[in-house]
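# Tertiary structure, described
Each chain, letter by letter, is given below.
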Amino acid sequence: MNNKAIFLDRDGVINKRLIGDYVKNIEEFEILPKVKDALIEFKKMGYLLIVITNQQGIAKGVMTEDDLKVVHEYMLKQLPEIDDIYYCPHLDGTCDCRKPKNGMLLKAKEKWNIDFNKSWMIGDSESDIICGRSSGCKTIRILHNNEDTEADFVTKSLFECVEIIKNNK
Ligand SMILES: [Mg+2]
Ligand SMILES: [Zn+2]
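Here is a short report on the structure shown in this document.

What counts, and at which threshold
Position labels on residues start from 1 in each chain and follow its written sequence. All chains are assigned letters beginning at A, and all ligands numbers beginning at 1, according to the order in which they are written. With pLDDT at 70 or above as the cut-off, local features in this predicted model cover only qualifying residues; side-chain atom pairs require 80 or more to be listed or tallied, and sums for whole chains, interfaces and linings still use all residues. Computation of side-chain values: all heavy atoms of the structure, hydrogens and water removed. Put simply, DSSP H or I for four residues or longer makes a helix, DSSP E for two residues or longer makes a strand, and each gets a number counted from the N terminus. For Na, K and Ca the donor cut-off is 3.2 Å; for every other metal, N, O and S atoms count as donors within 2.8 Å. Water does not enter the count, which can leave sites looking incomplete. Working rule for geometry: tetrahedral if four donors all subtend angles between 85 and 135 degrees; square planar for four, octahedral for six, if opposite donors exceed 155 degrees and the others stay between 65 and 115; irregular in every other situation. Contacts between residues were defined by any pair of non-hydrogen atoms, one from each residue, lying within 4.5 Å. In the analysis that follows, any N or O atom pair within 3.5 Å is treated as a polar contact, provided that within protein one partner can donate a hydrogen and the other can accept it, and provided that, for residues neighboring in sequence, both atoms belong to side chains. Burial here depends on accessible area, computed with a 1.4 Å probe over protein chains only, as a share of the maximum for the residue type. Under 20% is buried, over 50% is exposed, and the range in between is partly exposed. We call two strands paired when DSSP finds no fewer than two bridges between them. Every crossover in which the path from the first strand over the helix to the second runs clockwise, viewed with the strands pointing away from the viewer, is termed right-handed. Nonpolar cores are built from buried Ala, Val, Leu, Ile, Met, Phe, Trp, Tyr and Cys residues. Side-chain atoms within 4.5 Å join them into one set.

### Quick look at the environment of V154
With respect to the element layout, V154 can be found in strand 6 (residues 153-155). Residues V154 and R133, spaced 21 residues apart in sequence, show a C-alpha to C-alpha distance of 14 Å.

Here is the structure:
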């Protein structure tokens, strides 16, 4: 259990979220400003970068698992700093992996030998924060408005997380 990781929610953190819709293809996948710079800084600090994303649109039939794989291949091409991706394709309440549950974090921990106490979860939903906190990670919530949160820190963008993590190792 020696590695440290930053677990990253996808929609609203790495790419622009589509309110009330799912990102179904690369045309809808728009990387947010300075995300690449942030990921490069995180790598310099020695973190594994692992995307943890709920993609219920698959179970709802809005998109297929293959559609999601195309989007993720595109994401990795643009952002090769990302080490791994875990997604939950299931409906709410039918699995142990949909955030705020932490099944995806446990899988990543097993594969990558991650110490949660040295790791972070960054997301823009409270379910990300609950998932990270319940696992023992420090948490940062990216706020779109001024939502209430139990997160340890709040920011407006992924790049702003760089200073927070540098100062709170
Ligand atoms: Mg999100
Ligand atoms: Zn699931």
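### Some points on the coordination of the zinc ion (ligand 2)
All of the protein donors around the zinc ion (ligand 2) are C88 (SG), H90 (ND1), C95 (SG) and C97 (SG); their distances to the metal are 2.1 to 2.3 Å. Coordination at the zinc ion (ligand 2) is tetrahedral, judged from the 4 donor atoms that bind it and the angles of 105 to 116 degrees they form at the metal. Counting residues between consecutive donors of the zinc ion (ligand 2) along the chain gives the motif C-x1-H-x4-C-x1-C.

### Side note on the environment of E126
Looking at where E126 falls in the secondary structure, it is placed in helix 4 (residues 126-135). Taking the C-alpha atoms as reference points, E126 and K36, separated by 90 residues in sequence, lie 24 Å from one another. E126 has contacts with R141, D148, T149, E150 and A151, leaving out every residue within four places of it along the chain. A polar contact is formed between the side chain of E126 and the backbone nitrogen of E150, at a distance of 2.7 Å.

### Description of the pairing of strand 2 (residues 48-54)
Burial analysis of strand 2 places 7 of its 7 residues in the buried class, which makes it a mostly covered element. Taking every second residue as pointing to the same face, both faces of strand 2 are buried, with L48, I50, I52 and N54 on one and L49, V51 and T53 on the other. Pairing analysis gives 4 bridges linking strand 1 (residues 5-8) to strand 2, with the strands arranged parallel. Each residue of the ladder has a partner; that of L8, found in strand 2, is V51. On the question of chirality, the crossover connecting strand 1 to the parallel strand 2 by way of helix 1 (residues 35-44) is right-handed. Of the pairings in the sheet, the one linking strand 2 to strand 3 (residues 84-88) comprises 5 bridges and is parallel in character. Across the sheet, the residue bridging to V51 is I85, located in strand 3.

### So, unusual backbone geometry
Among all residues save glycine, negative phi is the norm, and among peptide bonds the norm is trans. Cis geometry marks the peptide bond from K99 to P100, where omega comes out at 20 degrees. Locating P100 in the fold gives a position in the loop between strand 3 and helix 3 (103-112). Not every positive phi belongs to a glycine, and K34 is a case in point at roughly 60 degrees. Within the fold, K34 resides in the loop between strand 1 and helix 1.

### Topic: the nonpolar core
Ranked by internal contacts, the top residues of the largest apolar core, which has 28 residues, are L8, I14, F42, I122 and L158. Those elements that provide at least two residues to this core are strand 1, helix 1, strand 2, helix 2 (65-78), strand 4 (120-123), strand 5 (138-142) and helix 5 (158-167). Within the second largest apolar cluster, 17 residues are counted, among which are L48, Y86, C95 and M121.

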